[in-house]
Every structure is written in C-alpha cells, then in structure tokens.
Amino acid sequence: MQPMHNIPARSGINYDESPFLAIWEVTQSCDLACKHCRAAAQPLAHPDQLTNAEARALIDQIAAMQVPIFVLTGGDPLKRADVFELIRYAAEKGVHVALTPSATPLLTREAVFRMKEAGLVRLGISLDGSTPQIHDAFRGVPGTWARTIQAIEWANEAGIPVQVHTTISRHNVHDLDNLCTLFEKLAIVMWNVFFLVPVGRGQLNDLLSGEEFEQVFAKIFELSQRVNFQIKTTEAMHYRRYLLQHNLEERRMGHGRGDRHSHAVGYEPGTPTADAGARNRSWATRRVNDGKGFVFISHVGNVYPSGFLPIPAGNVRETPLGEIYRTAPIFRALRDSSRLEGKCGACEYKEICGGSRARAFAVTGNPLAAEPCCIYQPRNWTPRGEDVLAAAQNAELAAELVTL
C-alpha cells in the first residue's frame, strides 16, 4: 500500500462513467443511538447483509472501476467480524480504503493497529462537540467523547491519518470555535463538516435555516484561514457558491489571496490549490453531489445516490455496480443539471453546486427540487406565484416544528 500522500489525484474522472467516492455500509449493526443517525442503526446485524464472498466481489468491482476513495461505514464496521480481512483484500487490489468506526468498546488500540497493518489509509471518526456533555448527548451513550479522543491518539500513534466528522445541527452550531480549538491540539488532517439531512433519526426541527447555513459558511471560511488542517463540507454543496462569491469579491477589492488556504474552483472547501502540495488533494470531493461522482451501497447490497437519499437504483447481487451507476434512471437524472427545478435549475452556480439532492428529497419529496436551505437568488430567476406560496408554507411549517 502506497503512503497516503502519494495517492494520485485523478483530475479527469468522468462522473457519468465512474464515481469519485464510493461508500459501503458494511453492516447496519451499531451499539450507539446517535440522534441524527442516517441508518437508524440497530445492535444486531441484518441476517441478509452481504456475505464475505459478496463483499469481495463488490471490492473487485470497486477496483475495476478505479474508484479513488472507498469508505467502509455502518452502523459500526467493527461489528463485522471480517472487516480486517476485507480491508486487507481491498488494499491488495490497490483500493484506497478509509473506515468510519463508532466510538464503542470495540474501538481499541489493538483494533486501530490491526487496521493499519491490514492497509487502511485513513480513519474517519465522529466528534460532534468540544466537550463530553455536548458530544455524548448527541451520540446517546456516555463516554463516547473520551473514547473518540483516545482513538485519535491511537491512530496518530499507528500512523493513520485522521479525518474528523461533525454533524452540524441546532445541538452544536454554537460550538464551532471550541471544536476547532480542540482539533488544533489533535493531529488531524481534515475536518469534514456534515450538514444535517433529516433522514433516519435526523429531525426536521434540528435543521438550520438558509440564513443560518450562510452564517456557518462564514464561520467555516474564517476558521479555514488559520487552522493547520483542511476543512470540507458534506451535504452543503452551496458552500462552493459561497466560496466563489467570496473570492470574486476579494478580487474586485484587490485582496486576492494566494496562501495555502485559498480554495480552488470546483473543489470542496479546504482543498489545497495546485501550488499548495498534494498531501491530501486526492481526498477533495470536487464537484461531487448525490449520484454525481458519489455512490452508496447498503449492507444488503442496495445502491443509492447517497446514504442520505433513499431512492434505490438497483442491487449489486443482481446488477454490476458500474452498470447501476451509469444507467439507473435516478443516477442519470441527478447528473443532468438541466433537470434541476426551481431556482437551482436557473442558478448560474448549478454546475459546481447543484444543491443537496438528499435534503431536497427529505424536505419536499422531490430529489430535483431546489435546495431548501439556500437563500441565494439566481440572477436570471424570478419566483412564480406558486414558488412564493410554497416557500411561505415551508417557512410556516418549519416555524411550527421548531416550537413543538
């Protein structure tokens, strides 16, 4: 397995043919009860989860498709007995594997070192608060904050790059500065800021408003200028629009930046530009969106545009993954920006943004509807009467939900 910093960046990926990022939910089993859990995970494994042979066949397909990043998630991947064997099998096939374990007693120092020895190239771990009080309340089990911090230290000891995931909601939006202060004391390479999609256990009344999204964008940008790790977002595609607007304004004012934290157009936040070195460049999800450079495989083999967009496109037990990704109607629709509706369809930023298709589906039932948490008004878009009425009704519904 080549070192993390030597993984080649594949800048020429055709998202109509192959994804940039594939995530496999190796099991739905988990011993935590997180408030926002996409999978609504349960303690026991599903009896029909992919077998070891089926898992190897899936890895073979990932290798053949040359997917740059393959993430094993759950549930808790460590609840699957053959997870170390599968990491090794993927590594031997040249697949660059990351894993996102849960902070339970299964996440031991021995397990971390076994993952490293098997060929893991990155550990993704969730930390949703700067204090045990915030994080443990979010995760539903006391002691998870302390175990998470310990796991990061073990990964540093083992030489595994660490990526921390934080799901932003009303529970912790006030804690961003304190989280960054904590992360600067820990040796992490990236902070992945997840913006809540109300699926699974995620609740609509935990969702930030469009105005609050913009405030968080401003805070993330401010923090990205001074921290020593990368910051990227998930399910906040319109942060790319925010960055472009900010960079254009800086240019107009004659204050263009050339430092290592400047953001390249088409990259997720925190991605270094070409002159900033390639330490983690290949992990930047440039222009990726649900179903567009992204594919999710469930524990029973169902294929989705993302783990947050539960529209099934096929099953790897019946159809090759590459065929599903290339030809399934939902994937083709999501990759066709001309099919976007409302202001997303009229937006001049739609090719690099496109809005969260998962959040649009969760809130409206339509995966091609406008991003419900974006306040930007495209230059060539005039709301029709029914759009104004729908927006007003949605705002009224959200206000009612917040008071419940």
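Residues numbered from 1 in each chain as written. Predicted model: local features only at pLDDT ≥ 70, side-chain atom pairs only at ≥ 80, totals over all residues. Heavy atoms only, no water.

Which residues make up the overall build of the protein, and what values go with them?
Of the regular secondary structure elements, the protein holds 13 helices and 10 strands. For the protein, the residues scored as buried account for 57% of the 404 residues in total. Here the protein has roughly 16,700 Å² of accessible surface; of this, 52% comes from carbon and sulfur atoms. (Helix = DSSP H or I, 4+ residues; strand = E, 2+ residues; numbered from the N terminus. Buried < 20%, exposed > 50% of the residue type's maximum accessible area, 1.4 Å probe, protein only. Areas by Shrake-Rupley, 256 points an atom, 1.4 Å probe, with all protein chains shown as cover.)

Before we move on, can you summarise the nonpolar core with the specific residues and values?
Core analysis: the biggest nonpolar cluster contains 102 residues, and W24 and W191 have the highest contact counts within it. Top contributing element to this core by residue count: helix α5 (residues 144–158), with 7 residues. Ignoring any residue separated from it by four or fewer positions in sequence, one finds W24 in contact with L50, A55, L58, F70, V71, L72, T73, R80, L86, I297 and S298. (Core = buried A, V, L, I, M, F, W, Y, C linked by side-chain atoms within 4.5 Å. Contact = heavy atoms within 4.5 Å.)

Summarise the sheet that holds strand β10 (residues 314–315); cite the residues concerned and give the values.
In spatial order, the strands read β7-β6-β5-β4-β3-β2-β1-β8-β9-β10; together these 10 strands make up an open sheet with mixed pairing. The sheet is open, and its two edges are formed by β7 (230–234) and β10, each paired on a single side. Where strand β2 (residues 69–73) and strand β3 (residues 97–99) come together, 3 bridges link them in parallel fashion. Note on β3: the bridge partner recorded for V71 is A98. Contacting β4 (122–126) and β5 (162–168), α5 runs over the sheet at an angle of about 170° to β4. (Pairing = 2+ DSSP bridges. Axes fitted to C-alpha atoms, helices over the stretch in contact; angles between N-to-C directions.)

Requested: an account of unusual backbone geometry, with residues and values cited.
Backbone torsion omega between G74 and G75 reads 20°, so that peptide bond is classified as cis. For Q66, which is not glycine, the phi torsion reads 55° and is therefore positive. The residue Q66 is located in the loop between α1 (52–65) and β2 in this model. Taking relative accessible area as the criterion, Q66 reaches 52% and is therefore assigned exposed. Although it is not a glycine, E235 sits at a positive phi angle of roughly 55°. With respect to the helices and strands, E235 occurs in the loop between β7 and α8 (238–252).

Help me get a handle on α5, residues and values and all.
A rise of 1.5 Å per residue sets the reference length of α5, with its 15 residues, at 21 Å; its end C-alpha atoms lie 21 Å apart and thus fit the reference within 8%. Three or more residues of α5 are buried, namely T144, W145, T148, I149, A151, I152, W154, A155 and A158. Those residues of α5 hidden inside the fold are in contact with α3 (109–118), β4, α4 (132–139), β5 and α6 (176–185). Directly beyond the C-terminal end of α5, a positive phi value near 85° is found at G159. (Expected span 1.5 Å × (residues − 1).)

Account for α6, naming residues and giving values.
Inspection of α6 places L176, L179, C180, L182 and F183 among the buried residues, and these make up the whole buried set. Buried residues along α6 cover an arc of 160° about the axis, so they all sit on one side. Buried residues along α6 sit against α5, β5, β6 (190–195) and α7 (210–224). (Arc of directions from axis to C-beta.)

Before we move on, could you go through the packing of aromatic side chains and cite the residues and values that matter?
Counted by the stated rule, this structure contains 12 aromatic pairs. Centroid distance F213 to F217: 6.0 Å. Interplanar angle 85°. Geometry classified as edge-to-face. Of this pair, F213 and F217 both sit in helix α7, separated by 4 residues, roughly a single helical turn. Grouping residues by exposure puts F213 and F217 together as buried. Taken together, a centroid distance of 6.4 Å and an interplanar angle of 50° make the contact between F296 and Y304 tilted. Given the relative accessible area of 16%, Y304 is considered buried. These aromatic residues form a ring-pair network of at least three members: F195, F213, F217, Y239 and Y242. When the ring centre of F113 is taken as origin, the NZ or CZ atom of R109, which lies over that ring, is 4.4 Å away. In this structure, R114 packs its charged tip against the face of F84, placed 3.9 Å from the ring centre. (Phe/Tyr/Trp six-rings, centres within 6.5 Å; stacked < 30°, edge-to-face > 60°. Lys NZ or Arg CZ within 6 Å of the ring centre and 35° of its normal.)

So, empty space enclosed by the protein: which residues are in play, and what are the values?
On inspection of all chains with the given rule, the structure shows 5 cavities of 30 Å³ or more. Roughly 120 Å³ of volume is contained in the second largest cavity. Taken together, 14 residues make up the lining of the second largest cavity; nearest its centre are C344, C347, C353, G355 and C374. Residue assignment for the lining of the second largest cavity shows that the elements contributing at least two residues are α8 and α11 (342–346). (1 Å grid on protein atoms, 1.4 Å probe; cavity = no way out; pocket = protein on both sides within 12 Å on 5 of 7 lines; lining within 4 Å. Points joined across faces, edges and corners; volume = space filled by probe spheres on them.)

Report on the side chain of D175, specifying residues and quantitative values.
Residue position: D175 is located in the loop between β5 and α6. Despite its burial, D175 pairs with no opposite charge, the nearest such side chain being K219 at 11 Å. Here S130 takes part through its backbone nitrogen, which lies 2.6 Å from a polar atom of the side chain of D175. With residues near it in sequence (within four places) discarded, D175 still touches G129, S130 and I134. (Lys, Arg positive; Asp, Glu negative; His and termini not counted. Salt bridge = Lys/Arg side-chain N within 4 Å of Asp/Glu carboxyl O. Polar contact = N/O pair within 3.5 Å; in protein donor to acceptor, adjacent residues only side chain to side chain.)

Break down the pairing of β6 for me, citing the residues and quoting the values.
In terms of burial, β6 is largely enclosed, as 6 of its 6 residues are buried. The two faces of β6 match: M190, N192 and F194 on one face and W191, V193 and F195 on the other face are all buried. Pairing of β5 with β6, which is carried by 6 bridges, proceeds in the parallel orientation. In the strand pairing of β6, T167 is matched with F194. The handedness of the β5 to β6 crossover, carried by α6, is right-handed. (Right-handed = clockwise from strand over helix to strand, strands pointing away.)

Could you give an account of the confidence of the model for the protein, naming the residues involved and the relevant values?
This prediction gives the protein a mean pLDDT of 84; 80% of its residues lie at or above 70. With pLDDT under 50 throughout, residues 1–11 is counted as low confidence; its partners more than four residues away or in other chains account for 29 contacts. Counting interchain partners and residues more than four positions distant, the pLDDT-below-50 stretch residues 258–284 has 72 contacts. (pLDDT = per-residue confidence, 0-100.)

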